[in-house]
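Notes for the structure review
Listed here are the chains, written in short residue letters.
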Amino acid sequence: MAELNVDRFYERLNKIHAHFLKNREGGMWNGANCISINRASTDDENPYTKSEVMHHYLFGYDLPDTIIILTKEGKCVVLAAKKKIEFLESAQGKENGSIVELELLLRDKSDDNASNFEEMLKIAKGKSNGENVKVGIIMKEHKSNASLKEGSIVGGWEKKLGESASKVDLVDITAGISMVMSSKDESELDLMKKSSVLSNKVLKHGFIPRIESVIDEGLKATHEKLAQEVDETIEDPSKISLKVPKETVQSCYFPIVQSGGKYDFKVSAQSNSDNVKYDVITVSLGARYQYYCSNIARTLLVDPPKQVSAMYELLLGMFEACLKVMVPGNPLKSVYGAAVKYLKAEGKEDLVSSLPKNLGFSMGLDFRDPLLQLNSKCTVPFRQGMVFNLAVSLSGLKLSEAARSTVNSKSAIKDLSEYGLLIADMVQVTNDAPEVLTKYGKTLTDISYTINDDDDADESDDDDVDAQLAKKIAKEEELQPSGGRRSGRLAANSSSAQETEGAAERERKQIELMARKNEERLRELARASKKKSGDEKTKKAEELEAYKRTKDLPDNILPNQVKVDMANQCVILPICGNPVPFHISTIKNVVLPDPDSASYLRINFYTAGMAVGKDAPENTVKLVQKYAPYATFIREMTFRSLDSHSLTTAFRQISELRKRARTKELQDQEEANLVKQDKLVRTKNERVPRLSDLTMRPVFAGRKTQGNLEAHTNGLRFISTRGEIVDVMYTNVKHAIFQPCENEIMVLVHFHLKNPIMIGKKKQQDIQFFTEVVDASQAVDAGKRSMYDPDEMDDEQRERQLRKRLNEAFRDFCRKVESVARKNGYSLEFDIPYRDLGFNGNPHKEMVFIQPTLNCLCNLTETPFFVVDLSNLDHVHFERVTFMSKAFDMVLINKDFTKQPWRVDMIPNDDKDSIQEWLTDMEISYTEGPMNLNWKQIMATVEGDDRFYMDTEEDEVTPKEAGWEFLRMFGKDDQESAESEEDDSGYSENSGDEESEEEEEEEEEEAFDSEEDSESDYDADEDLEEQGMDWDEMEREAAADDRRRKRDGGDEEERPSPKRKNRRR
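Okay, so let's go over this structure.

Cut-offs applied
Residues numbered from 1 in each chain as written. Predicted model: local features only at pLDDT ≥ 70, side-chain atom pairs only at ≥ 80, totals over all residues. Heavy atoms only, no water. Helix = DSSP H or I, 4+ residues; strand = E, 2+ residues; numbered from the N terminus. Buried < 20%, exposed > 50% of the residue type's maximum accessible area, 1.4 Å probe, protein only. Contact = heavy atoms within 4.5 Å. Areas by Shrake-Rupley, 256 points an atom, 1.4 Å probe, with all protein chains shown as cover. Pairing = 2+ DSSP bridges. Axes fitted to C-alpha atoms, helices over the stretch in contact; angles between N-to-C directions. Expected span 1.5 Å × (residues − 1). Phe/Tyr/Trp six-rings, centres within 6.5 Å; stacked < 30°, edge-to-face > 60°. Lys NZ or Arg CZ within 6 Å of the ring centre and 35° of its normal. Patch = residues over 30% accessible without salt bridge, like charges linked within 9 Å, V, L, I, M, F, W, Y side chains within 5 Å. Salt bridge = Lys/Arg side-chain N within 4 Å of Asp/Glu carboxyl O. Parallel < 35°, antiparallel > 145°, perpendicular 65-115°, else oblique. Left-handed = near helix turned anticlockwise from the far one by under 90°.

1. Observations concerning the overall build of the chain
Looking only at helices and strands, the chain has 23 helices and 38 strands in total. Among the 1065 residues that make up the chain, the fraction classed as buried is 43%. For the chain, the proportion of contacts with a sequence separation of at least 24, taken over those separated by at least 6, is 65%. Just so you have it, the chain exposes about 58,500 Å², and 47% of that area is on carbon and sulfur atoms.

Written as structure tokens, this is what we have:
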């Protein structure tokens, strides 16, 4: 038998004993004098008995037919057979904490343990003075142990306890055991996380690929069969390439797969023998790793109508609402209350009846603790280290006839009249936000599938035939131009084919560009790491010093008074009558509880072994880390005073001092990486280029900042009407942009700086100066005015002239600034945005017009400014690119992977081709995909991957996708295979030409005939693919159409062009 972990055994036994002593008189331990854990024989039907769970908790193993007694005095007695006693002997003599003695009693068959029972009863009763003694047992198991066979240790002991002569009252201690085990230690939390990962991977790599293949191929599989496959995967994780020993894992319960309108979300539900329906599919599975349990459940939606999708989004919102209240201090019932509150807030109060009786339960060694459930009654508070299975569901939902009519006629969901939805995840309670341990996605895009979307298949096929036909005609025209007039229909098809070819050419260039960019980035990163290796120096912790010696303490300190020294930033606290100074940066917070007969002041300090929080001073965090291994920390101090005034004053002063210190630190952080600017050299002997009556953004102190902008020898100076000065050095300008007023209400010059400068109390990297052409808040007259109104015509004329004059003034100023900078040896050029390449999008919180310049992608008219330096751009990814969506999102990835990408959302689909064309021209790689990605997680992964831009794994043999190729919707292999097919066809034609050149002795006519034959063969292959008409037939039909339209008097443009539909990628 394996060895006992003695340290863990005593640590957990002490934990049980401490909780027992503290809460003995309450309802958890019911006033028991001692605890008796009676572990009977193993029951395969119920592996989650409280006694078995306790054995795994204490020993790491199950020791059947064993009795453990723990008295309130700290004595522990174990009665068991010989091998089990030998297993426990290593713990004798190593007692610690509140456990004073461990006594091991060997089973005695000679008298059926009568003497052992007498000794145990004497120990359990202690000093009872002949009165009845309460012995705590697990009452539920006691009732089932009554039928134990004769000769068993537990059977004889429980019979002894039941005798009236024993003077023992049995009380239930199940609640106490549940509370002790509910809060996990570090080793338990680690096992819980591993168990959750196992469940997550079984779902992700086992069930999901299997159900997707069943749906894609239209296979028949019963719920029971799918559940059996999942169960086998849990029992043998090597099936999904997980290297986990079989003996350490098992299934918590037989997995539950349901569909077709029959849903039961209880853990005791069973998978039936019906075939799975492709409608609403729910799956629940639980894995057990080293006896620690986890559970996960998901709902998969196939061809969901909008009603079902909306209901799932509601369930997802309810899940998040429940998750938010799972913080220490809140009662367990607050989760159920949060779900009901969310439904009422969303106007879905009628769905409260569709909720289950509980929304989850505590998990650990015990799969489901019945005393710690997330229902509407449990008042037990959440505590750090607790782990719950949060399972939210809605059952008995009706699917209306109108909703069913909106889906494809082939969809199985058309036959569904009632359905249910379920989401379940493992959640760990922490001092910060609760942590979800099962990470598999649950958003609508993660669990939704569309398989019957081919209503327009015929129309799409027709479009493809037309496109192929036009492509063939274009090729023939290129080989042998006819010079004749082409009909309107053929011209439209030819244009469509050219667009398709343009996209293919762009894709080919992108693959080459990405390969080249990967090599360049590898070289850049190698140079950067070499440069950085010798320059990085970690800033050491600075020791705190309030006073150099005790004589420097203030003179007016009283022996038992809390004193605040504002000048030296410290708090002087009385400890045993002696004043001890504490620097303000060591104080985490200060609390002034409501006074009763006296006033209290509690001061909490930053200490090791607990989260310091994001507001902790940087130097304090380093000091705590430095001294954590060997120093003793004070966590908190509480002071009591009958005079409330003194403590209230101290509380107010400490709070004010902490606020000042925090403000100072934030200001230092703002100014930490500021680069010292050169001093402006003013031009004195010549006329200075100047723009008057400008407004500057960002503003000083929240007020509109107006003034004049001047260009001097080495920089520009803005002087406001209030005398505020801002200097912009030419050497600090990275990009200067002049945007004339065309459709906007302002004309502006904008400077994107290399290093930020301070404006007011904030760092700014973008500074702008503008003049409004018309008042942005000008009121519009509600009355109707004639278009021939002379006053209105004069206003429009004046506005046009003002626009022209201001544009010219700003343009002239920019030319002069460039001239002054060039004359003084500086390089400064103003870019003008390309309006014709602009597009609408949402980079922040509103739709704006975004325009590219030579070096940037920007929107300068709205705040906050959106300026992306193309030199810092590594890659662009297009999200939500599908044939159904009307808009897509664009993610611009920074070369610095520590920074999150820029985003532009809701760009109209019509602008996609022009944006991609511009990116290709600027030699910026891009990819596209159908869904939104978790960029925070992606950037964290990429940042830690040293071989990200390489095309092999660490063994330098196994190939992988280099750089951002993993985002590509079509793989590089697909493109290369398509190119190879085109190359093969080209090779056959070229080889024919080479052969005709080698046969110089043949006549020219014969060579022509052979070339004509090869072309006819090529056309025959095209016709087999297209099943279309030849050239003459198309021309005849087109000419007949033209004559018919002319005869009917119709216009050529009235005939609609063939409908084009983007093919799904």
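Resuming the write-up.
2. Description of the sheet that holds strand β22 (residues 636-641)
Ordered by their spatial adjacency, 3 strands build an open sheet running β20-β21-β22, and the pairing between neighbours is antiparallel. At either margin of the open sheet sits one strand with a lone partner, and together these are β20 (587-591) and β22. Averaged over neighbouring strand pairs, the angle between their axes works out to 15° when direction is ignored. Here strand β21 (residues 599-605) pairs with β22 via 6 bridges, running antiparallel. Bridging from a neighbouring strand, Leu601 pairs with Phe639 of β22.

3. Comments concerning helix α1 (residues 6-23)
Here α1 is 18 residues long and its end C-alpha atoms lie 26 Å apart, about the 26 Å a rise of 1.5 Å per residue gives. Listing the buried residues of α1 in full gives Val6, Phe9, Tyr10, Arg12, Leu13, Asn14, Ile16, His17, His19 and Phe20.

4. Examining the packing of aromatic side chains
As enumerated under the stated definition, the model contains 25 aromatic pairs in all. Relative to Trp157, the ring of Phe117 lies with its centre 5.8 Å away and its plane at 45°, an arrangement referred to as tilted. In this pair, Phe117 is assigned in helix α4 (residues 114-125) and Trp157 in helix α6 (residues 153-162), connecting sequence segments 40 residues apart. Of the two residues examined, Phe117 and Trp157, each falls in the buried class. Geometrically, the ring pair formed by Phe897 and Phe948 is edge-to-face, given 6.0 Å between the ring centres and 80° between the ring planes. Taken together, the residues span a long stretch of sequence, with Phe897 in the loop between β36 (887-894) and β37 (902-908) and Phe948 in the loop between α20 (935-943) and α21 (972-998) at a distance of 51 residues. Assessed through its relative accessible area of 6%, Phe948 is described here as buried. Put simply, the rings of Phe897, Phe948, Tyr949, Trp964 and Phe966 touch in pairs and so form one group of aromatic residues. Over the aromatic face of Phe770 sits the side chain of Arg697, whose NZ or CZ is 4.7 Å from the ring centroid.

5. With respect to a nonpolar patch on the surface
On the surface, a cluster of nonpolar side chains totalling about 250 Å² of accessible area is made up of Tyr834, Leu837 and Leu854. Residue placement: Leu837 occurs in the loop between β30 (830-831) and β31 (839-841).

6. Quick look at the sheet that holds strand β19 (residues 578-583)
Strand order in the open sheet made by the 3 strands is β17-β18-β19, with antiparallel pairing throughout. With one partner strand each, in any of the chains shown, β17 (563-565) and β19 form the two edges of the open sheet. Put simply, the sheet's adjacent strands are angled 30° from each other on average, direction ignored.

7. Here we look at the side chain of Thr771
Relative to the helices and strands, Thr771 resides in strand β29 (residues 762-772). Ignoring anything within four residues of it in the chain, the contact list for Thr771 reads Asp693, Leu694, Ile745, Met746, Val747, Leu806 and Phe810.

8. A word on the packing of helix α8 (residues 186-217) against helix α9 (residues 223-235)
Packing of α8 against α9 leaves a shortest axis separation of 10 Å and a crossing angle of 150°. Between α8 and α9, the interaxial angle falls into the category roughly antiparallel. Seen from above, α8 lies across α9 with right-handed handedness. Facing Val202, Phe207, Arg210 and Ile211 of α8, the residues of α9 in contact are Lys225, Leu226, Glu229, Val230, Thr233 and Ile234.

9. A word on the pairing of β36
Counting buried residues along β36, 8 of its 8 residues qualify, which places the element largely inside the surrounding structure. In the sheet, strand β35 (residues 873-879) pairs with β36 via 6 bridges, with the strands oriented antiparallel. Looking at β36, one finds that His877 is bridged to Val891. Both β36 and β37 contribute to a ladder of 5 bridges, which runs antiparallel. Bridging across to β37, Met890 finds its partner in Val904.

The values are spatial; any link to function lies outside them.
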